[in-house]
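Observations on the three-dimensional arrangement
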Amino acid sequence: MSAQSQPQFPPVDLAATEAILARYAAEPKHLISVLQDLQLHYRYLPREALERVGAALGVPLAKVYGVATFYKAFSLTPRGEKILRVCTGTACHIRGAPLILSELQSRLKIAAGETTPDLRFSLEAVNCVGACALAPVVMENDTAHGNLSVTKVRRLVRSGAAGSRGRGSAELPRPDDSPAKKAEESEES
Amino acid sequence: MSEVNLGDAPFTMTIDGKRVEARPGEMVLAAAKRAGIAIPTLCEHKAVESFGSCRLCMVEVTKAAWKGWKGLMTACLYPAAPDLIIETQSERVLHVRRNVLDLLLARCPDSTLIQRLAAEHGVQQTSFSVREQPDLCILCGLCVRICESAATSAISTVKRGHHREIGTPWGGPPPACIGCLACAHVCPTGHITFEEHGATRAIWGRSFELQRCAECGAPLPITVEQASFLVERQALDASYFSRCESCQRRATAQTFGRLARWQKLGLTQEPDARQEGGKR
Ligand code: SF4
Ligand code: FES
Ligand code: FES
């Protein structure tokens, strides 16, 4: 991971952790459920929250960390609002996934597996997402975008930078310093 | 762990053609060991439950009633049972063992232990491609298990797949560590290292002060954290780790001397034994 694209860790509001813990009995067996809820809420697993969870459920911190690093669904660094998962499965590969991926990488100025410093985007290269007929495919959070081209991907980044679910919520303006914009500018100039 | 309920009576099995007595609840490996039959192991330790991670202890298991069917099982995890017939040196067993060592050698080419075991089995060189930037860890998990059972679960296996390794929370100095060195001590390959200089001990990026003798000030082979952990966990007297061996010996000798003097004077008890507290 390149240092410059390491996102800043936002301050952690532990009240949410307490609220999540309150949903479960204080037993080690609920660890994964709690971690899933934390991931959903914070979009990553903050250390402070995990320390609290370990103490509350009676699971040693090292074990909590072991579990948190084992499952792909968990992240220890802040993830972006939009997680773009570029399918690099066989069908998508043949139909241009590498191009799509490199376009996204240069647009967002991050490598696969990284998150933009403004926490808007995370980029991932994943295996077959099960929509081969639509290849090449990019998942934007839970929405699949198929039959993509480099142009369409550019649009995806623009709309993604603007809205919450990528469905025409253009009212949220993209700050001028967003890496996507910068990438565009540097390309156009 | 699932244990077959066979009552309490010892029974016999056959290992390498030899009649061997086994006890209910024990594993094939334990029975073999007692009978002096050597099975190589890497991830087994008497202080922790078997885990079956190294696969080196594979043996062939069958019974007369199994009509010739033989299974390859890990001896450390296979429960002993009446009438089992076990082979520890069959061609199939040796083949698997060579394969395991071949793989371990690809993972840890620099481990002298793995090199020696492999050579003993006729594997001079791995037939797989050697891992890039290899370290000495075979991921047997012994360190993690001993830390869990004997100490504080300060370390664990982290990440998964190719990236799996033994680590500490966020890769930093583990907050729960008490510097007991149990992990380094059980590690079969010497992957876990530590340093000790004077009265300090360093492991896992943490530095610990050693407990000092309350009388002469000499460092004891135990950290302050470890001493208080053990005192609390074993409900020991707080003074248990307070003296070094030679001061302890001197104190004991003095007590004996005093007792002898009082006895000479016809007293059955010391008039004031309060000063003689100390350990044990
Ligand atoms: S560090 Fe040593 S004891 Fe721990 S898993 Fe690796 S080889 Fe086994
Ligand atoms: S290969 Fe991309 S959806 Fe199957
Ligand atoms: S000793 Fe049995 S698998 Fe390692």
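For every chain, the first residue of its written sequence is number 1, and the numbers climb from 1 along that sequence. Going through the entries in the order they are written, you letter the chains from A and number the ligands from 1. Where totals are concerned, whole chains, interfaces and linings use all residues; where local detail is concerned, this predicted model gives features only for residues with pLDDT of at least 70, and gives and counts side-chain atom pairs only at 80 or more. Remark: hydrogens and water are excluded; side-chain values derive from all non-hydrogen atoms of the structure.

For chain A, the assigned domains read domain 1 (14-70) and domain 2 (82-171). Just the C-alpha atoms count here: the centres of domain 1 of chain A and domain 2 of chain A sit 30 Å apart. Each domain's extent is set by a domain assignment, obtained either automatically or from a database.

A few words on helix H2 (residues 91-107) of chain B. Residue and element names in this part refer to chain B. What counts as a helix is a DSSP run of H or I of at least four residues, what counts as a strand is a run of E of at least two, and both are numbered from the N terminus. To estimate how far a helix should reach, multiply one less than its number of residues by 1.5 Å. In this model H2 runs 24 Å from its N-terminal to its C-terminal C-alpha over 17 residues, within 8% of the 24 Å that 1.5 Å per residue would give. If you check which residues of H2 are buried, you get Val 93, Leu 94, Val 96, Arg 97, Val 100, Leu 101, Asp 102, Leu 104, Leu 105, Ala 106 and Arg 107. Next to the buried residues of H2 lie strand E3 (58-62), strand E4 (71-74), strand E5 (85-87) and helix H3 (112-120). Between buried and exposed lies partly exposed: a residue is buried under 20% and exposed over 50% of the maximum accessible area for its type, with that area taken using a 1.4 Å probe on protein chains only. The contact criterion used throughout is that any non-hydrogen atoms of two residues lie within 4.5 Å.

So, about unusual backbone geometry. Here Ala 135 of chain A and Pro 136 of chain A are connected by a cis peptide whose omega angle stands at -5°. You will see that Arg 55 of chain B, though not glycine, has its phi angle at about 65°, which is positive. Residue classification places Arg 55 of chain B among the partly exposed positions, given a relative accessible area of 36%. We note that Leu 139 of chain B has phi near 55°; this positive angle belongs to a residue other than glycine. Overall, Leu 139 of chain B belongs to the partly exposed group, its relative accessible area being 22%.

Before going further, it helps to spend a moment on the sheet that holds strand E1 (residues 11-15) of chain B. All names here are of chain B. The rule for pairing is simple: two strands pair if DSSP sees at least two bridges between them. Ordered in space as E2-E1-E5-E3-E4, the 5 strands form an open sheet in which the pairing is mixed. The open sheet terminates on both sides in strands that have one partner only, identified here as strand E2 (18-22) and E4. Strand-to-strand twist of the sheet, defined as the mean angle between neighbouring strand axes without regard to direction, takes the value 40°. Pairing analysis gives 2 bridges linking E1 to E5, with the strands arranged parallel. Bridge assignment links Thr 14 to a residue of E5, and that residue is Ile 85. The axes are straight lines fitted to the C-alpha atoms, using for helices just the contacting stretch, and the angles between their N-to-C directions are given from 0 to 180°.

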